[in-house]
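Okay, here's what each chain looks like letter by letter:
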Amino acid sequence: MGSKQIAQETFDEAVQENITEFEMDPEEAVREAVLQFESQGVDLSNIVKAVQPPASENGQRQKHQILLSLDSLCRAVAEPDEAELPRQLAALAAQCREQLALRCLAARHGAYPALLSACQRAAGDRRLLPQALAALAALLDGQPDLLDAAGRELLLRALRELREDAEVTLAGIRCVRHACLKHEHNRQDFVKGGILPLLTGAILQHGDSADVVRAAASALRVMTFDDDIRVPFRHAHDHAKMIVLENDGLRVLIEAAKAFRDNSGVLSELCATLSRLSVRNEFCQEIVDLGGLSFMVTLLADCMEHPDVVKQVLSAIRAVAGNDDVKDAIVDAGATELIVLAISQHLGNPQVASRELGIPAGVGLELSWSCRMGNPQCSPTRPWPCRAPHGLSVCLSVRPQKQACMLIRNLVSRSRALSQPILALGAEPLISEARAAHRDCDDVARAALRDLGCQVELRELWTGRRGGLAQ
């Protein structure tokens, strides 16, 4: 993607020039303008790629539809027109949800101050406030820099004073989530303003609302993200600890899951949030003690056909497996058989396969030790050693290939009895192919071949004299 930027007006002028000077039809004129600017290395991700309405008879340039909607909203707020305001809020929100370019165009023409004024005017109207907040959330999606101190205080006050209103809570939480995604300063300011107890409180108070629980869990997870490259020091770990230690987050999420046993979407969101909170050994054990592992295993069994749900559940299981005691609990809960089944069913999906293979790769050292102690669930005839070479042969993306190599290495590093069964399945040529296909696989593939007892070329890259490392 190019790094150069142009204004919307520049793009619109190029399209109109193609129409008037070269007699192109509107669609062709837009395509030609896109090709022209992209060939020059211009980033058009924030540009509305549509034909601007023709100029009026007096030569005045017409506006894009979203700007006309914004003008109507500003008039409804300024007058104020209580009957027209809800319709204009809904119209602007619908257009903002279409694409990021429309949101950026609206933001450049004052959409945020207009929506903030609409929210402030609707603060005492519980019928209108959810609409205003929903429109604000649509605008903030992908544009967290728009939020200022006034907007932050408005959201915190609405969530605090109207916490019993499910619609206001849902719309406010969505605003918070969009404002905090990829924006560390907003996250820290919201946490200082007390957003964490408001989010966990929303789950407790509206535990029967799937939309509120899902949105609040997602917002909690966003508070633990480390995704703002503009900031050198982030507080993701601190926020995760605050959610667990100060707001009893693990118990809140696991108890919420019990009310939605048949809603895979909510359960998937809760699993994703639990995986982000498993940042300390004792947190992983607490999840198991509260019954979190049991509902993850049940969810995995019930939703095996849904790759998105499987991906989130496996991420959560992998996260809690950072505790060695939990590794044993995973085996005791019967999760290994389900993980193997998931590996068989979703190896063609790289994102899911990398998580599926990552769980046995992460617990492989512990399970190999159990094999030596005679644990029947970890014998060489169990399916994991069989599925690792199969993963190398079926899923050719780099991440699943790395995880498969790591799984083989961890399985055989402490249990040499597994080497021959794995080699008999054709692991050596598959690992060599992974090394040749993916440079990132070289280290883990070399380690897997070494521990399998295969011939591995060890090169002395640097002797400490005359020159640097050979690349």
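Quick caveat, the model's predicted, so the values are computed rather than measured.

Caption draft 1: Spotlight on the environment of Pro130. Relative to the elements of secondary structure, Pro130 occurs in helix α7 (residues 129-140). Separated by 37 residues in the primary sequence, Pro130 and Glu167 have C-alpha atoms spaced 5.9 Å apart. Apart from residues no more than four positions distant in its own chain, Pro130 is found in contact with Asp125, Glu167, Val168 and Ala171.

Caption draft 2: Inspection of the packing of helix α17 (residues 292-302) against helix α18 (residues 307-320) at higher detail. Running from N to C, α17 and α18 cross one another at 155°; their axes reach a closest spacing of 10 Å. The orientation of α17 with respect to α18, classified from their angle, is roughly antiparallel. Here α17 and α18 pass one another in a crossing that is left-handed. On α18, the residues that touch Met296, Leu299 and Leu300 of α17 are Val309, Val310, Val313, Leu314, Ala316 and Ile317. Broken down by class, the residue content of the contact of α17 with α18 amounts to nine nonpolar, no polar and no charged.

Caption draft 3: Highlighting helix α14 (residues 249-257). With seven of nine residues buried, α14 is to be regarded as a mostly interior element. Gly249, Leu250, Val252, Leu253, Ile254, Ala256 and Ala257 are the residues of α14 that are buried. Against α11 (195-205), α12 (210-222), α13 (236-246), α15 (264-277), α16 (281-289) and α17 lie the buried residues of α14.

Reading the values: rules and limits
- Residues numbered from 1 in each chain as written.
- Predicted model: local features only at pLDDT ≥ 70, side-chain atom pairs only at ≥ 80, totals over all residues.
- Heavy atoms only, no water.
- Helix = DSSP H or I, 4+ residues; strand = E, 2+ residues; numbered from the N terminus.
- Contact = heavy atoms within 4.5 Å.
- Axes fitted to C-alpha atoms, helices over the stretch in contact; angles between N-to-C directions.
- Parallel < 35°, antiparallel > 145°, perpendicular 65-115°, else oblique.
- Left-handed = near helix turned anticlockwise from the far one by under 90°.
- Nonpolar A, V, L, I, M, F, W, Y, C, P; charged D, E, K, R; others polar.
- Buried < 20%, exposed > 50% of the residue type's maximum accessible area, 1.4 Å probe, protein only.

Any functional reading would require information that these geometric values do not contain.
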